[in-house]
Amino acid sequence: MDFISRMQAVQSPMIAVVAELIKSCPGTISLGQGVVSYSPPPEAIEFLPKFLAEPTNHLYKDIDGIPPLRTALAAKLQAFNGIEINEENCIVVTAGSNMAFTNAILAITSVGDEIILNTPYYFNHEMAITMAGCHPVLVKCDENYQLRPEAIASAITPKTRAVVTISPNNPTGAVYSKEALREVNQICRQHGIYHISDEAYEYFTYNGAKHISPGAFAGSNEHTISLYSLSKAYGFASWRIGYMVIPKHLLVAVKKVQDTIVICPPVISQYAALGALQANEDYLKNHIAAIAQVRQVVLDSLNSLQDLCTIASANGAFYFFLKVRTQLNAFELVERLIREHQVAVIPGTTFGMNDGCYLRVGYGALQKETAKEGIDRFVRGLQAIICGVR
């Protein structure tokens with residue numbers, strides 16, 4: 001058949017492309033995919049018999065999530081994020097926060113509308129916008145990957161429906177200040193558009209950096225969409241549970257999307273999530289402290305690349321985003337690192353960075369010893385490749 005699908009305009013998911021390269025080079029250490037190395041808390045598994053004990057749990061449940069989980073999430077949002085669930089907003093449980101983002105885009109846009117993304121962007125955001133027949137409008141962050149509110153305001157047109165922010169950030173690890181997020185949120189309110197705040201890495205902050213939820217700002221309920229995930233902090237990647245806080249007026253539209261795509265989030269995973277939220281606070285504290293130690297190991301090694309790379313400050317998530325001083329394109333460099341040095345990273349082009357050679361280095365999925373070996377391979381490989389082409 002000879003036809004053009006809308007999907008031809010959508011980039012291929014680079015994580016899968018790199019995974020295929022890794023398969024062809026056994027022994028490769030991946031600094032690629034953004035997951036954690038640890039498992040869900042035991043409380044999550046302990047809740048599974050509760051799911052099995054109720055026969056009706058094998059039927060469809062509420063589109064927006066089972067009531068006990070939404071109640072538990074409301075308490076978490078109040079305690080950690082400062083977001084009160086009231087008559088102006090509501091929680092929708094989703095099959096991961098990627099689904100929450102897609103729900104939001106389909107609920108607030110028509111074909112041809114525009115969504116502002118700050119670059120580097122998270123590639124699945126750009127993909128979802130394109131799939132919806134909308135246009136991503138790209139606004140560059142500054143040299144430290146911080147927001148530029150004036151540039152965001154200048155990019156707004158009559159077709160703009162939302163501004164997306166991610167803090168802590170994937171792929172850069174940047175954490176946005178309260179002042180910058182408040183300014184963006186106010187710009188959105190003034191222009192009658194939405195502020196979509198992706199907070200999947202909310203717990204992963206270092207060196208005293210503080211996570212800020214725009215949904216907690218006074219007067220933000222009517223125009224702020226907040227996205228969250230259990231995939232990272234609770235080791236829940238394959239369980240597919242996220243959630244969103246939306247203005248109440250979007251609930252009908254979001255339910256239409258969710259009912260069409262998934263009907264309801266997987267109920268067994270919702271029970272596990274309910275258990276995970278009851279885990280002792282040491283579960284998160286200890287695991288994030290361990291990742292902080294891995295982060296320092298990675299940073300210590302990366303600092304030896306100061307003559308080859310620009311390494312921006314990254315006090316959140318579990319990534320560093322490097323600008324490499326080379327004429328090689330990013331994907332070619334990634335291929336050579338895998339084939340010649342058995343270490344994998346993600347090219348910056350997949351995050352919208354086409355004006356140079358950028359690489360995302362992830363460290364959340366590895367124990368300290370493996371991370372040390374992986375980052376040492378990366379450093380040695382980069383030095384060999386770059387010095388070899390100079």
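Above this text you will find the structure in question.
Please read these numbers as outputs of a predicted model, since none were measured by experiment.

Trainee: Could you clarify how one ought to interpret the packing of aromatic side chains in this entry?
Mentor: Both the distance between ring centres and the angle between the ring planes are used here to describe each pair of aromatic rings. Summed over all chains, the structure comprises 18 aromatic pairs. Taking 4.5 Å as the distance between ring centres and 40° as the angle between the ring planes, the aromatic pair formed by F80 and Y203 counts as tilted. Of the two residues, F80 sits in helix α4 (residues 67-81) while Y203 sits in the loop between β6 (194-198) and β7 (224-229), which places them 123 residues apart along the sequence. Classification of Y203 by relative accessible area gives buried; the value is 16%.

Trainee: What's the story with the pairing of strand β4 (residues 135-140) in this structure? I'm lost.
Mentor: A regular strand places its side chains so that they alternate between the two faces of the sheet. The sheet contact formed by strand β3 (residues 114-119) and β4 spans six bridges and is parallel. For E114, the partnering residue across the bridge sits in β4 and is H135. A crossover links β3 with its parallel partner β4, the connecting element being helix α6 (residues 123-131), and its sense is right-handed.

Trainee: Please clarify how unusual backbone geometry should be interpreted in this entry.
Mentor: Most peptide bonds take the trans form, and the phi angle of most residues other than glycine is negative. Note the cis peptide between S167 and P168, where omega equals -10°. Residue placement: P168 occurs in the loop between β5 (160-166) and α8 (178-191). Backbone torsion omega between N170 and P171 reads 25°, so that peptide bond is classified as cis. In this fold, P171 is placed in the loop between β5 and α8. For N207, which is not glycine, the phi torsion reads 55° and is therefore positive. With respect to the secondary-structure elements, N207 resides in the loop between β6 and β7.

Trainee: Would you take a moment to explain the packing of helix α5 (residues 97-108) against helix α9 (residues 251-261) for this structure?
Mentor: Two quantities define a packed helix pair, namely the angle between the axes and the distance from one axis to the other. At a minimum axis separation of 9 Å, α5 and α9 run at an interaxial angle of 125°. The orientation of α5 with respect to α9, classified from their angle, is oblique. For the crossing formed where α5 meets α9, the hand is right-handed. Residues M99, N103, L106 and A107 of α5 form the contact with α9, whose participating residues are A253, V254, V257, Q258 and I261.

Trainee: What should I look at first to understand the sheet that holds strand β13 (residues 357-362) in this one?
Mentor: Hydrogen bonds between backbone groups are what pair the strands of a sheet, and the pairing can be parallel or antiparallel. Pairing within the open sheet is antiparallel, and its four strands lie in the order β9-β10-β13-β12. Strands at the two margins of the open sheet, each flanked by one partner only, are β9 (309-311) and β12 (346-347). Here β9 runs beside strand β10 (residues 319-324); their pairing, made up of three bridges, is antiparallel. Counterpart to T310 in the pairing with β10 is K323. The sheet strands contacting helix α11 (residues 281-302) are β9, β10 and β13, and the helix crosses β10 at an angle near 10°. Most of the contacts of helix α12 (residues 330-341) go to β13, to which it runs at about 45°, and overall it touches β10, β12 and β13.

Trainee: Help me understand the pattern of salt bridges in this model?
Mentor: Side-chain pairs of opposite charge can arise whenever the charged atoms involved come near each other. A complete count under the given rule lists ten salt bridges for this structure. Residue K23 pairs with E20 through a salt bridge whose shortest N-O separation is 3.2 Å. Here K23 and its partner E20 are both found in helix α1 (residues 14-23), three residues apart, which amounts to about one turn of the helix. In this structure, E373 engages R380 in a salt bridge whose closest nitrogen and oxygen atoms are separated by 3.9 Å. By relative accessible area, E373 is classed as partly exposed at 32%. For R380, a relative accessible area of 46% gives the class partly exposed. A cluster of three or more residues bridged by salt bridges with shared partners is formed by D62, D64 and R70.

Trainee: Honestly, the side chain of T28 in this entry has me stumped. Any pointers?
Mentor: Relative to the helices and strands, T28 resides in the loop between α1 and β1 (29-30). Here the side chain of T28 touches C25 through a polar contact of 2.6 Å, landing on its backbone oxygen.

Calculation criteria
Residues numbered from 1 in each chain as written. Predicted model: local features only at pLDDT ≥ 70, side-chain atom pairs only at ≥ 80, totals over all residues. Heavy atoms only, no water. Phe/Tyr/Trp six-rings, centres within 6.5 Å; stacked < 30°, edge-to-face > 60°. Helix = DSSP H or I, 4+ residues; strand = E, 2+ residues; numbered from the N terminus. Buried < 20%, exposed > 50% of the residue type's maximum accessible area, 1.4 Å probe, protein only. Pairing = 2+ DSSP bridges. Right-handed = clockwise from strand over helix to strand, strands pointing away. Axes fitted to C-alpha atoms, helices over the stretch in contact; angles between N-to-C directions. Parallel < 35°, antiparallel > 145°, perpendicular 65-115°, else oblique. Left-handed = near helix turned anticlockwise from the far one by under 90°. Contact = heavy atoms within 4.5 Å. Salt bridge = Lys/Arg side-chain N within 4 Å of Asp/Glu carboxyl O. Polar contact = N/O pair within 3.5 Å; in protein donor to acceptor, adjacent residues only side chain to side chain.

Keep in mind that these numbers describe shape and distance, not what the molecule does.
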